[in-house]
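Spelled out from the first residue to the last, the chains are:
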Amino acid sequence: IFLISFLLHAVCIAQQFQNEVFSSKVASVQMSPSGSPLQSPVIQLLGGKTMSVHFDYLDSDIVDMRYDIQLCTKNWLPVSHHSSHYCKVLGTLYFDTVQNSVNTHVPYVHYSTSFPHNNFEFLLSGNYIFRVFNDYTNELLFQVRFMVVEQLIELTTNVTQASNVMFRDTHQELDVEVNLHGFTVHDVSRDMYLVYLQNGRWDNAIYGLSPSFISGDKISYDYERENLFEAGAEFYHFNCKNIRAPHEHVVDVYFNQSQFELSLKPYEPQAYSVYSSRSDLNGRFLPSFERPNDAQTDADYVRVNYILKYPNSFAADTLEMYVCGHFNLWQTNELNKMTYNFEKKQFEASLVLKQGYYDFLFAHKNLYTHHLQTNETMGSFSQTKNEYEVFVYFYDMIEDYDRIIGY
């Protein structure tokens, strides 16, 4: 019985959908509400707004791409329902716009679409996964998470410096109060499920806290430790929209026979420094070019070199260090992993990115929780300005799915 349970658990974990790019030719994946490229991929059910998706395929030949949309449970497992239960679909879903790049050293094809539309409509709220396939080979190229919400309850949130003295200077506390306003929940602990996100990240999300206090329609989630996030630091940033007028953080630009290459200034560890305030996009990126509205097809791909000074070579050997942000869907793989140069005592990485504005972190992976952490590289300060999101899931026993009834 134990072995069967273990294998079933392993299968469920294997099927859990993550934000992930599977093809090395896919770049600059963006999903957001239409017209708001810096917002999280969240739209209201029957709210009249659409979700937009953009990405580039690094090739000169146009390839037919199709996509599908799958409803998931609150834990990002595929539901067993037929798609007709949660959406209306007419025919195969293809991209609305397919354009070759214009006068770029790195050729690519830009794909974009938006939904709902005449051939696709949502019937239910919840977690959804958007998947893109090569229509000829049936290869899965990438998948991204998004949420469709219903605003049926009221949420009050409060972000403060951690009340627990041990974490007061380095963490932030997120307290939540839910007011049901007559929405019927028979068993709050069983049927309601909260998820907290920081800056759109899923690696350090907080899941499934039990209520700390219930009074009629009001449900409180107020803790001193379970609802803490490492505050981190403000994101580093640079822009490379104009190669001929380098950004202040760019120290060198040159052409290496096939594409432009630029080097950012070397960064020093900030673990023991004081908080530094700077404007950022909370980890997001925005393709941009010298002329407005031409970024999708006219912006080129450039190679960006990163350096993080790290004198402690003994500790460096035990750290998995990455350059992270929304530009790579917060993935941790060989493409954004930094290597340590023992001679120069520094971490180094080289990434190919589209011209534009970029926020990023130097983060190392916790070997036990697999959370990305910045305390060793950029410090963690309770004053940091972070963006938090709260999702309230409700298990609908009649329809057998996880609705999102509050955001």
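Located above this text is the structure these notes cover.
To keep things clear, this report deals only with the structure shown in the data block. These numbers were taken from a predicted model, which means no experiment stands behind them.

## Focus: the overall build of the chain
Check the secondary structure of the chain and you find four helices and 31 strands. Taking 407 residues into account, the globule formula puts the C-alpha radius of gyration at 22 Å, and the chain, at 22 Å, falls close to it. Across its three principal axes, the chain shows a C-alpha extent of roughly 65 × 55 × 50 Å. A burial count over the chain gives 51% of its 407 residues as buried.

## Here's the deal with the environment of T97
Position of T97 among the secondary structure elements: in strand β8 (residues 97–100). In sequence terms T97 and D59 are 38 residues apart; their C-alpha atoms lie 16 Å from each other. Those residues in contact with T97, other than ones at most four positions away along the chain, are H110, Y111 and S112.

## A few points about the nonpolar core
Y306 and F360 are the most contacted members of the largest nonpolar core, which has 39 residues in total. A per-element tally of this core places strand β28 (residues 356–365) first, with five residues. Among all residues touching F360, those that are not within four sequence positions of it are F235, Y236, H237, F238, L264, Y267, Y306, V323, C324, F327 and M378. Counting residues in hydrophobic clusters, the runner-up holds 35 residues, among them M51, L71, V109 and F115.

## Here we look at the side chain of N366
Turning to its location among the elements, N366 is positioned in the loop between β28 and β29 (372–373). With near-sequence residues (within four places) excluded, N366 lies in contact with H371 and Q373.

## A word on the sheet that holds strand β4 (residues 51–57)
Spatially, four strands are ordered β2-β4-β9-β8 in an open sheet, and the strand pairing comes out antiparallel. With partners counted over all chains shown, the strands left at the sheet margins are β2 (26–33) and β8, one partner each. This sheet shows a mean twist of 10 degrees between the axes of neighbouring strands, independent of strand direction. In this structure, β8 lies alongside strand β9 (residues 109–115), joined through four bridges in antiparallel fashion. Its bridge partner lying in β9, N100 is registered against V109.

## Concerning the packing of aromatic side chains
Scanning the model with the defined rule gives 42 aromatic pairs in all. By the ring-pair criterion, three or more aromatic residues cluster together here, those being F55, Y67, Y86, F95, Y111, F115, F120, F122, Y128, F130, F142 and F146. Taking NZ or CZ as reference, R145 lies 4.7 Å from the ring centre of W202, over its face. A cation over an aromatic ring shows up here: R201 above the ring of W330, its NZ or CZ 5.1 Å from the ring centre.

Parameters at a glance
- Residues numbered from 1 in each chain as written.
- Predicted model: local features only at pLDDT ≥ 70, side-chain atom pairs only at ≥ 80, totals over all residues.
- Heavy atoms only, no water.
- Helix = DSSP H or I, 4+ residues; strand = E, 2+ residues; numbered from the N terminus.
- Rg over C-alpha atoms; globule rule 2.2 N^0.38 Å.
- Buried < 20%, exposed > 50% of the residue type's maximum accessible area, 1.4 Å probe, protein only.
- Contact = heavy atoms within 4.5 Å.
- Core = buried A, V, L, I, M, F, W, Y, C linked by side-chain atoms within 4.5 Å.
- Pairing = 2+ DSSP bridges.
- Axes fitted to C-alpha atoms, helices over the stretch in contact; angles between N-to-C directions.
- Phe/Tyr/Trp six-rings, centres within 6.5 Å; stacked < 30°, edge-to-face > 60°.
- Lys NZ or Arg CZ within 6 Å of the ring centre and 35° of its normal.

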